[in-house]
Amino acid sequence: DQQVKQNSPSLSVQEGRISILNCDYTNSMFDYFLWYKKYPAEGPTFLISISSIKDKNEDGRFTVFLNKSAKHLSLHIVPSQPGDSAVYFCAASEATSGSRLTFGEGTQLTVNP
Amino acid sequence: KAGVTQTPRYLIKTRGQQVTLSCSPISGHRSVSWYQQTPGQGLQFLFEYFSETQRNKGNFPGRFSGRQFSNSRSEMNVSTLELGDSALYLCASSSPQGSSYNSPLHFGNGTRLTVT
């Protein structure tokens, strides 16, 4: 039962353009969502999060959008840089679940110079 | 501030053996969680400890266990190892409040376990 899904295993974009990574969820109890970035041989690094009471959150080049009715969120990276090349994980949690996160399968982003 | 430290980085064990992995959280963090990452299943939650008590548990067999010490350091143990236990085991810590709401999880670089 995959409650968080990232349907695109990979995404390739040109440097300077926008990268859009998508994530869908099925559990309506999820009310907090996060994006993590992971380089090989390293642990995931927190990027940005959003609470279900918001529909948008920005942090520099990173913006997360949440569409609760569609149970969909997306991460926009503008402008994309070669150093952004990594695996991006979407994660979700419930208010009562403490630090338990449910992760998507990840999307490999490649930014070409 | 030092990050989450996991030891060892790599481990090779034989089927049937047991293994203990160690995690030192960020100073001041009282919540420690463990995750298993495999190519087929992605990142799966194992368990969470807060103030030496298991607060949450994922859907893993009883061969997987953990504990947390009074200094918040944590260990996880896997007994009777199976080939399918080969994975990257990640430890994460979070803020004193111990909730992803107040502080995102900060992950260590993991322990790569290979079972032969």
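Our structure's up above, just so we're on the same page.
**Focus on the overall build of chain B**
Part 1 of the reasoning: Counting its secondary structure elements, chain B contains zero helices and eleven strands.
Part 2 of the reasoning: Along chain B, helices and strands appear, N-terminal first, in the series β-β-β-β-β-β-β-β-β-β-β.
Part 3 of the reasoning: Relative to the globule expectation of 13 Å for 116 residues, the C-alpha radius of gyration of chain B, 13 Å, shows essentially globular dimensions.
Part 4 of the reasoning: In terms of overall dimensions, chain B has C-alpha extents of about 40 × 25 × 25 Å along its principal axes.
Part 5 of the reasoning: Across the 116 residues that make up chain B, the buried fraction comes to 53%.
Part 6 of the reasoning: Here the contacts in chain B between residues at least 6 apart in sequence split such that 56% fall between residues at least 24 apart.
Part 7 of the reasoning: Looking at chain B as shown, the accessible area adds up to about 5300 Å², and 46% of this sits on carbon and sulfur atoms.
Part 8 of the reasoning: Counting 11 positive and 5 negative side-chain charges, chain B places the centres of these two groups 5 Å from one another.

**A look at the nonpolar core**
In globular proteins that are soluble, nonpolar side chains generally tend to be buried together.
Part 1 of the reasoning: Within the largest apolar cluster, 23 residues are counted, with the highest numbers of intra-cluster contacts made by A:Phe33, A:Trp35, A:Leu73, A:Leu75 and A:Tyr88.
Part 2 of the reasoning: Listed by contribution, the elements that provide at least two residues to this core are strand E3 (19-25), strand E4 (32-38), strand E5 (45-51), strand E7 (62-67), strand E8 (72-77), strand E9 (86-93) and strand E11 (107-112) of chain A.
Part 3 of the reasoning: Top element by residues in this core is E9(A). It accounts for four residues.
Part 4 of the reasoning: Core analysis: the second largest hydrophobic core is formed by 21 residues, B:Leu21, B:Leu46, B:Phe47 and B:Phe60 among them.

**Some remarks on the pairing of E3(A)**
Residue and element names in this part refer to chain A.
Part 1 of the reasoning: Going residue by residue along E3, you find Ser19, Leu21, Cys23 and Tyr25 tucked away on one face and Ile20, Asn22 and Asp24 left uncovered on the opposite face.
Part 2 of the reasoning: As defined by bridge partners, E3 adjoins E8 across six bridges and the pair is classed as antiparallel. Each bridged residue has a counterpart across the sheet, and for Ser19 the counterpart in E8 is Ile77.

**Quick look at the packing of aromatic side chains**
Part 1 of the reasoning: Applying the stated rule across the entire model yields twelve aromatic pairs over all chains.
Part 2 of the reasoning: Ring geometry for A:Phe89 and A:Phe103: centres 6.2 Å apart, planes at 90°, overall edge-to-face. Of this pair, A:Phe89 sits in strand E9 while A:Phe103 sits in strand E10 (residues 102-103); the two residues are 14 residues apart in sequence, bridging distant segments of the chain.
Part 3 of the reasoning: According to the relative accessible area criterion, A:Phe103 is buried, its value standing at 3%.
Part 4 of the reasoning: Pairwise contacts between aromatic rings join A:Tyr36, A:Phe46, A:Phe89, A:Phe103, B:Tyr35, B:Phe45 and B:Phe107 into one cluster.
Part 5 of the reasoning: Here B:Arg55 stacks its cationic end above the ring of B:Phe50, 4.5 Å away from the centre of that ring.

**Digging into the sheet that holds strand E1 (residues 4-5) of chain A**
Strand pairing in a sheet relies on backbone hydrogen bonds, with the paired strands running either antiparallel or parallel.
Part 1 of the reasoning: In space, the five strands of this open sheet follow the order E1-E3-E8-E7-E6 (chain A), with antiparallel pairing throughout. The open sheet has two edge strands, E1 and strand E6 (56-59) of chain A, and neither has a second partner.

**Quick notes on the state of the cysteines**
Such a bond, covalent and formed between the sulfur atoms of two cysteines, is termed a disulfide.
Part 1 of the reasoning: On inspection of all chains with the given rule, the structure shows two disulfides over all chains.
Part 2 of the reasoning: Note on cysteine connectivity: A:Cys23 is disulfide-linked to A:Cys90, with sulfurs 2.0 Å apart. What sets the handedness of the A:Cys23 and A:Cys90 disulfide is the S-S torsion sign, and at about -70° it is left-handed. With A:Cys23 in strand E3 and A:Cys90 in strand E9, the pair connects residues that are 67 residues apart, well separated along the chain. Both residues of the pair, A:Cys23 and A:Cys90, count as buried.
Part 3 of the reasoning: Sulfur-sulfur distance for the disulfide between B:Cys23 and B:Cys91 comes to 1.8 Å. Its S-S torsion of about -65° marks the bond between B:Cys23 and B:Cys91 as left-handed, since a negative value means left-handed. Note that B:Cys23 is positioned in strand E3 (residues 19-24) and B:Cys91 in strand E9 (residues 87-94), a separation of 68 residues in sequence. Each member of the pair, B:Cys23 together with B:Cys91, is buried.

Scoring rules and cut-offs
- Residues numbered from 1 in each chain as written.
- Chains lettered and ligands numbered in written order.
- Predicted model: local features only at pLDDT ≥ 70, side-chain atom pairs only at ≥ 80, totals over all residues.
- Heavy atoms only, no water.
- Helix = DSSP H or I, 4+ residues; strand = E, 2+ residues; numbered from the N terminus.
- Rg over C-alpha atoms; globule rule 2.2 N^0.38 Å.
- Buried < 20%, exposed > 50% of the residue type's maximum accessible area, 1.4 Å probe, protein only.
- Contact = heavy atoms within 4.5 Å.
- Areas by Shrake-Rupley, 256 points an atom, 1.4 Å probe, with all protein chains shown as cover.
- Lys, Arg positive; Asp, Glu negative; His and termini not counted.
- Charge placed at Lys NZ, Arg CZ, Asp CG, Glu CD.
- Core = buried A, V, L, I, M, F, W, Y, C linked by side-chain atoms within 4.5 Å.
- Pairing = 2+ DSSP bridges.
- Phe/Tyr/Trp six-rings, centres within 6.5 Å; stacked < 30°, edge-to-face > 60°.
- Lys NZ or Arg CZ within 6 Å of the ring centre and 35° of its normal.
- Disulfide = S-S within 2.5 Å.

The values reported here are purely geometric and, on their own, carry no functional implication.
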